Amino acid sequence: MQNRMMVTGAGSGLGREIALRWAREGWQLALSDVNEAGLAETLKMVREAGGDGFTQRCDVRDYSQLTGLAQACEAKLGGIDVVVNNAGVASGGFFDELSLEDWDWQIAINLMGVVKGCKAFLPLVQASHGKIINIASMAALMQAPGMSNYNVAKAGVVALSESLLVELKQQNVGVHVVCPSFFQTNLMDSYRGPTPNMKAQISKLLEASPITAADIADYIYGQVAEGVFMILPHEEGRMAWKIKQQNPQAIYDEMAVLAEKKRKKSKT
Ligand SMILES: NC(=O)c1ccc[n+]([C@@H]2O[C@H](COP(=O)([O-])OP(=O)(O)OC[C@H]3O[C@@H](n4cnc5c(N)ncnc54)[C@H](O)[C@@H]3O)[C@@H](O)[C@H]2O)c1
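Below is a summary of the structure that appears in this document. (Residues numbered from 1 in each chain as written. Predicted model: local features only at pLDDT ≥ 70, side-chain atom pairs only at ≥ 80, totals over all residues. Heavy atoms only, no water.)

## Section: the overall build of the protein chain
- Secondary structure assignment for the protein chain yields 10 helices and seven strands.
- For 268 residues, the compact-globule formula gives about 18 Å, and the C-alpha radius of gyration of the protein chain, at 18 Å, lands near that figure.
- Counting only C-alpha atoms and orienting by the principal axes, one finds that the protein chain spans roughly 55 × 40 × 35 Å.
- Across the 268 residues that make up the protein chain, the buried fraction comes to 53%.
- Partitioning the contacts of the protein chain with sequence separation of at least 6, the portion at a separation of at least 24 is 72%.
- As displayed, the protein chain has an accessible area near 12200 Å², and 53% of this comes from carbon and sulfur atoms.
- Between the centroid of the 26 positive side chains of the protein chain and the centroid of its 28 negative side chains there is a distance of 2 Å. (Helix = DSSP H or I, 4+ residues; strand = E, 2+ residues; numbered from the N terminus. Rg over C-alpha atoms; globule rule 2.2 N^0.38 Å. Buried < 20%, exposed > 50% of the residue type's maximum accessible area, 1.4 Å probe, protein only. Contact = heavy atoms within 4.5 Å. Areas by Shrake-Rupley, 256 points an atom, 1.4 Å probe, with all protein chains shown as cover. Lys, Arg positive; Asp, Glu negative; His and termini not counted. Charge placed at Lys NZ, Arg CZ, Asp CG, Glu CD.)

## Details of the site of the ligand
- In the vicinity of the ligand there are 29 residues, among which Ser12, Leu14, Asp33, Tyr150 and Thr185 approach most closely.
- Side-chain polar atom of Lys154 to an oxygen atom of the ligand: 2.9 Å apart, as the coordinates give it.
- Separating an oxygen atom of the ligand from a side-chain N or O atom of Thr185 is a distance of 2.6 Å.
- Here the ligand, which alone exposes 820 Å², has 94% of that area covered by the protein.
- Elements supplying a minimum of two residues to the shell around the ligand: α1 (13-23) and α6 (148-168).
- A class-by-class count of the residues in the shell around the ligand yields 15 nonpolar, 10 polar and four charged. (Near = heavy atom within 4 Å. Polar contact = N/O pair within 3.5 Å; in protein donor to acceptor, adjacent residues only side chain to side chain. Nonpolar A, V, L, I, M, F, W, Y, C, P; charged D, E, K, R; others polar.)

## Some points on the sheet that holds strand β7 (residues 230-231)
- Ordered by their spatial adjacency, seven strands build an open sheet running β3-β2-β1-β4-β5-β6-β7, and the pairing between neighbours is parallel. Both outer strands of the open sheet, β3 (52-57) and β7, are each paired with one neighbouring strand and no more.
- Pairing between strand β4 (residues 82-85) and strand β5 (residues 131-135): four bridges, direction parallel. By the bridge assignment for β5, Val83 is matched with Ile132.
- Those strands touched by helix α2 (residues 36-49) are β2 (28-33) and β3, and its axis lies near 175° from that of β3. (Pairing = 2+ DSSP bridges. Axes fitted to C-alpha atoms, helices over the stretch in contact; angles between N-to-C directions.)

Shown next, in the form of structure tokens:
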């Protein structure tokens with residue numbers, strides 16, 4: 001391990017905090033995002049925390065920008081040891097209201113952005129026997145109502161990570177997937193959906209989180225060191241996932257009640 005990490009969506013929120021957590025261990029960071037002002041701020045903070053690195057604008061929807069970033073990582077850092085596919089956007093809305101364009105947008109960033117990040121960086125992590133960390137969500141496991149396109153994209157990230165875990169084991173490439181519940185970041189700035197007051201409902205859930213993005217980054221750091229594949233940073237998320245595995249119907253019943261409540265609220 002030579003301590004080189006690439007993070008997508010590093011200009012804000014969890015991506016920034018992951019970069020800072022590893023920077024505190026003296027790592028070199030390749031920081032990418034579509035938000036260049038955010039990236040400059042993250043690099044400054046990374047240096048103050050004891051790390052170093054470079055920034056590069058990269059839209060995860062564009063595979064050529066990701067392969068360009070991988071080339072820059074080879075040229076500037078001599079390779080990469082850990083790839084963090086973190087960039088993502090928020091969406092909401094009931095299935096009958098979501099347009100196919102809402103679906104395309106969500107899948108292109110939150111699912112295909114991760115697929116493309118894994119593909120572009122695979123040769124580098126194969127060379128370093130490194131790790132891939134994909135940021136999914138509890139939405140991948142619990143399928144809350146009123147956000148089916150987000151749920152599907154994140155479930156895809158979990159399925160991709162499970163596939164890579166077994167395919168890359170023989171090559172000594174580690175794979176981890178992170179499924180946080182809601183936490184406060186700038187995620188709602190990117191919100192897209194047909195039901196405007198659903199944005200307010202989701203924003204409230206983010207604000208109510210008992211833990212911060214920095215807490216989550218710290219938890220991920222510890223779990224990756226322990227070799228845990230599926231990382232669930234929220235205590236309530238771990239409990240809910242346990243219940244779902246034992247008694248999925250109990251969760252479906254709860255979600256159906258929640259769906260009715262959400263539908264009523266979204267009409268008021
Ligand atoms: N905040 C939450 O409650 C929550 C819960 C579960 C999972 N997540 C996931 O955590 C990840 C990080 O989100 P966050 O909460 O820190 O939000 P955030 O908005 O603070 O950070 C996301 C970053 O991704 C960048 N981004 C968006 N689209 C991009 C694109 N096409 N290409 C490159 N970068 C792009 C944004 O510019 C932003 O800097 C996302 O994948 C999100 O789905 C967040």
